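# Inside the fold
Residue strings, one per chain:
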Amino acid sequence: MVSVGISTVIRPAWRRLSTLGIAIPLLMGVVLVVLVLMSFTRDPYKPPELVTAGTISDYEPGAPRYFEAEKIWMVRLPETDAMLALYGVDPESECVVPWTPRYELNGLKGWFKDACKGSVYDLQGHCFGGPCTRGLSTFKVTLQQADVIVSLTGLEEGPPRDDSAQPLAPPQ
């Protein structure tokens, strides 16, 4: 009868386990390096240059609609039915400028009001109250058939504050 010691049976098992213990982390490291290298070969994310904001019939005159991803307020002007894309961030405080339909200023209801410093803007984005010195910035809007297209490439600075101007308010 052949006598085999326990150490000769266990040693090959430990060798296999130690080989796996080294091989698995090495394999994971190689996979990680490959993934990192692949991420450098891709083009960086480019946000869209044009956004379709629905059709003109989707908008009520004087009732702004917010597009959160782009931070744009779309406004159908009540008198001319022209479309306006206002950048929904205050140019000075850089805070969001929500639409407040019940806020009243100069006897008119319906204003954009800066959530941080209290600047107040009319439907066209012109500054009429608070510490603002210029209006909200705008994006170019074009109408292609019935679609409203907003160009996100050119942000135009808002007009300087003019306290003698007449504010454009929503239909009362």
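Residues numbered from 1 in each chain as written. Predicted model: local features only at pLDDT ≥ 70, side-chain atom pairs only at ≥ 80, totals over all residues. Heavy atoms only, no water.

## Regarding the sheet that holds strand β7 (residues 120–121)
Quick reminder of the rule: Two strands are said to pair when DSSP picks up at least two bridges between them. Per the convention used, a helix needs a DSSP run of H or I reaching at least four residues, while a strand needs a run of E reaching at least two, with both numbered from the N terminus.
Taken together, the four strands give an open sheet; going across it, the order is β5-β6-β7-β8, and neighbouring strands pair in antiparallel fashion. Each of the sheet's edge strands pairs with one partner strand only, and the pair in question is β5 (99–105) and β8 (127–129).

## Structural notes on the nonpolar core
In summary, soluble globular proteins display a tendency toward joint burial of nonpolar side chains. Under the convention used in this document: For the purposes of this section, nonpolar cores are sets of buried Ala, Val, Leu, Ile, Met, Phe, Trp, Tyr and Cys residues that join through side-chain atoms within 4.5 Å. When a residue's accessible area, from a 1.4 Å probe over protein chains only, is under 20% of the maximum for its type it is buried; when over 50% it is exposed; and in between it is partly exposed.
V75, L86, F112 and Y121 are the most contacted members of the largest nonpolar core, which totals 14 residues. Listed by contribution, the elements that provide at least two residues to this core are β3 (72–76) and β4 (83–87). Membership of the second largest hydrophobic core comes to ten residues, among which are Y59, M74, V148 and V150.

## Focus: the side chain of D122
Just so we agree on the cut-off: When charges are counted, neither His nor the chain ends are considered; positive counts come from Lys and Arg and negative counts from Asp and Glu. Within this document, salt bridges are pairs made up of a side-chain nitrogen of Lys or Arg and a carboxyl oxygen of Asp or Glu, the two lying within 4 Å of each other. Any N or O atom pair separated by 3.5 Å or less is treated as a polar contact, with the protein-specific requirement of one donor-capable and one acceptor-capable atom, and with residues adjacent in sequence counted only for side-chain atom pairs. Any two residues having at least one pair of non-hydrogen atoms within 4.5 Å are treated as being in contact.
Relative to the helices and strands, D122 resides in the loop between β7 and β8. Despite its burial, D122 pairs with no opposite charge, the nearest such side chain being R161 at 11 Å. For D122, the side chain forms a polar contact with the main-chain nitrogen of Q124, separated by 3.1 Å. For D122, the side chain forms a polar contact with the main-chain nitrogen of H126, separated by 2.8 Å. Ignoring anything within four residues of it in the chain, the contact list for D122 reads W111, F112, F128, P167 and L168.

## Quick notes on empty space enclosed by the protein
Threshold: The definitions used throughout rest on a 1 Å grid laid over the protein atoms alone, on which a cavity is an enclosed set of points accommodating a 1.4 Å probe that cannot get out and a pocket is an open set flanked by protein within 12 Å on both sides along at least five of seven lines; lining residues are those having an atom within 4 Å of a point. Grid points are joined across faces, edges and corners, and a volume is the space filled by probe spheres set on the points. Only Asp, Glu, Lys and Arg are considered charged in this grouping, and only Ala, Val, Leu, Ile, Met, Phe, Trp, Tyr, Cys and Pro are considered nonpolar; every other residue, Gly among them, is considered polar.
Under the definition given, this model contains one cavity of 30 Å³ or more. In this structure, the largest cavity spans a volume of roughly 30 Å³. V51, A53, F67, E70, I72, M74 and V150 together form the lining of the largest cavity. The set of elements that each furnish at least two residues to the lining of the largest cavity consists of β1 (50–55) and β3. Here the lining of the largest cavity is built from residues that sort into six nonpolar, no polar and one charged.

## Looking at the sheet that holds β1
Going by this rule: Comment: axis = line fitted to C-alpha atoms, over the contacting stretch for helices; angle = value between 0 and 180 degrees taken between N-to-C directions.
Judged by pairing direction, the sheet is antiparallel, and its six strands sit side by side in the order β1-β10-β9-β4-β3-β2 without closing on themselves. The sheet is open, and its two edges are formed by β1 and β2 (65–67), each paired on a single side. Strand-to-strand, the axes of this sheet are offset by a mean angle of 30°, without reference to chain direction. Here β1 pairs with strand β10 (residues 147–156) via four bridges, running antiparallel. Among the inter-strand pairings, T55 is bridged to a residue of β10, identified as D147.

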